[in-house]
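# Observations on the three-dimensional arrangement
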Amino acid sequence: MGVDLRQVVAGILTITMFVMLGQMLHRDYFDSLQEKAQGDAHDFEFEGSRVSVKDSLVGAVEGIKGPWMDDNSELNPCWPTLLSDEAVSSKGYVTFSLTNGPEYHISQITDAVMVAKHLGATLVLPDIRGSKPGDERSFEDIYDADKLIKSLENVVKVVKQLPEEVSLRNIAIVKVPARVTEDYIKEHIDPIFKSKGNIRVATYFPSVNLRKSSQDGETDPVACLAMFGSLELQPQVKAVAESMVEKLRTHSRKSGGRFIAVDLRIDILEKQSCHSTGVVGSKTCYNAQEIALFLRKLGFGGDTTIYLTQPRWDSSLNILKDIFPKTFTKEAIMPASKRSKYLESESSEYENVIDFYISSRSDVFVPAISGLFYANTVGKRIALGKPQVLVPAAISATSGLATDFISPYISKKNHLAYSCFC
């Protein structure tokens, strides 16, 4: 029986067409958001932003590619109308140090201000201590001292140094829980202060979440001011951080200058066991591959610009760069003239505050690690009107809605920042 050559050619063409169709479907899945989506569309409001949904993918109504959302307006602080006009008294001193990075500094400043205010004491500007012995910096190396003193002038007196006549031997060390209250200060700290005259405050953290609690009542306006209105980077450090933000926006022209910041640090991932949180598909931390898949399934295109808080590039991050080539760590976007001071010093304090600044001001923030950095970054973003914080989780389907992964701090409005802003 002879073989008809035309049937053979037709069979080959048929197989080729199926292969091409399969490749097209595969490509369409990864690039679906980079082309005009088909099907019914509808718009809805989320946190004041107009968002368009087409074929289960989220995008900004303006037409910028990717599931981006517009920022909200910055919120107005409530505390100025709630602060009392009592004269600032001064009897004795409260000293303290900032440790463990900016996410802890915010709470440490807040607790020290609360203690000094409710004791009627003078607050001494803190030093900044790193994780290594002898790793100490002046407050003014990192933060704007004049801004802090000015912001607190009607609440508590602040001095830059402890007077020479005050002996360090006569200062009692007092541990206070984070988010210390006026009642706690009166019951546990005031008796010690009256006995010793001067105290050194050390904050400990029974919990790293910043959810509002029904037991807290209304947040103290002094705490609100200290947490959200007193601590700013000093001008030179802020200028470096802002130049890095602008560099990232330059890389993001195809996304309207928008970029994602991901808090992903290899050393922490290696120390932590990324166990389940009890919520289906949710864990306490995620590696680079899991973050890449999460973002891709939400519809972020391969041209998306990503900033990582990881100090230096690590080979384990290559999978993320394979999917999102515009993925950067600090050394790639910091001005060359600034690297010796900010990246090559033994202390990591500069790098930590830069990470916090960029994560607070990115268009999207993704915490690959749970903890206080995540919680305080969300608080700062709420104040700045930047609600797009996407908490990672495994997405079993081929795609997901970005709005399904908005941080509960924001979707439920249960972050304590909502008690401080109107």
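To be clear, the structure that these remarks concern was listed above.
Since the structure is predicted, the reported quantities are computational estimates derived from the model, not experimental observations. (Residues numbered from 1 in each chain as written. Predicted model: local features only at pLDDT ≥ 70, side-chain atom pairs only at ≥ 80, totals over all residues. Heavy atoms only, no water.)

## Digging into the sheet that holds strand β5 (residues 97–99)
Spatial strand order, β5-β7-β8: 3 strands in an open sheet with mixed pairing. Single-partner strands in this sheet number two, and they are β5 and β8 (136–137). Taken together, the 2 bridges between strand β7 (residues 127–129) and β8 define a ladder with antiparallel strand orientation. Within β8, the position partnered with Arg129 by the bridge is Glu136. Seen against the sheet, helix α3 (residues 102–119) touches β5 and β7 and runs at an angle of roughly 155° to β5. (Pairing = 2+ DSSP bridges. Helix = DSSP H or I, 4+ residues; strand = E, 2+ residues; numbered from the N terminus. Contact = heavy atoms within 4.5 Å. Axes fitted to C-alpha atoms, helices over the stretch in contact; angles between N-to-C directions.)

## Here we look at the pattern of salt bridges
Tallying each qualifying case throughout the model produces 16 salt bridges. Of the charged contacts in the structure, one is a salt bridge between Asp355 and Lys330, with a shortest N-O distance of 2.9 Å. In this pair, Asp355 is assigned in helix α14 (residues 349–361) and Lys330 in helix α12 (residues 330–333), connecting sequence segments 25 residues apart. By the burial criterion, Asp355 is buried, and Lys330 matches it. Within this structure, Asp127, Arg129 and Glu136 form a network of salt bridges that share partners. (Salt bridge = Lys/Arg side-chain N within 4 Å of Asp/Glu carboxyl O. Buried < 20%, exposed > 50% of the residue type's maximum accessible area, 1.4 Å probe, protein only.)

## Section: helix α6 (residues 182–196)
With 15 residues, α6 extends 19 Å from end C-alpha to end C-alpha; this agrees with the ideal 21 Å at 1.5 Å per step. Those residues of α6 lying buried are Ile185, Ile189, Asp190 and Phe193. On its buried face, α6 is in contact with β4 (93–95), α3, β10 (172–177) and β11 (198–204). Positive backbone phi, approximately 90°, marks Gly197, located one or two places after α6. (Expected span 1.5 Å × (residues − 1).)

## A look at the side chain of Arg381
Here Arg381 shows up in helix α15 (residues 372–384). Asp71 provides the closest opposite charge to the buried, unpaired Arg381, separated from it by 5.7 Å. (Lys, Arg positive; Asp, Glu negative; His and termini not counted.)

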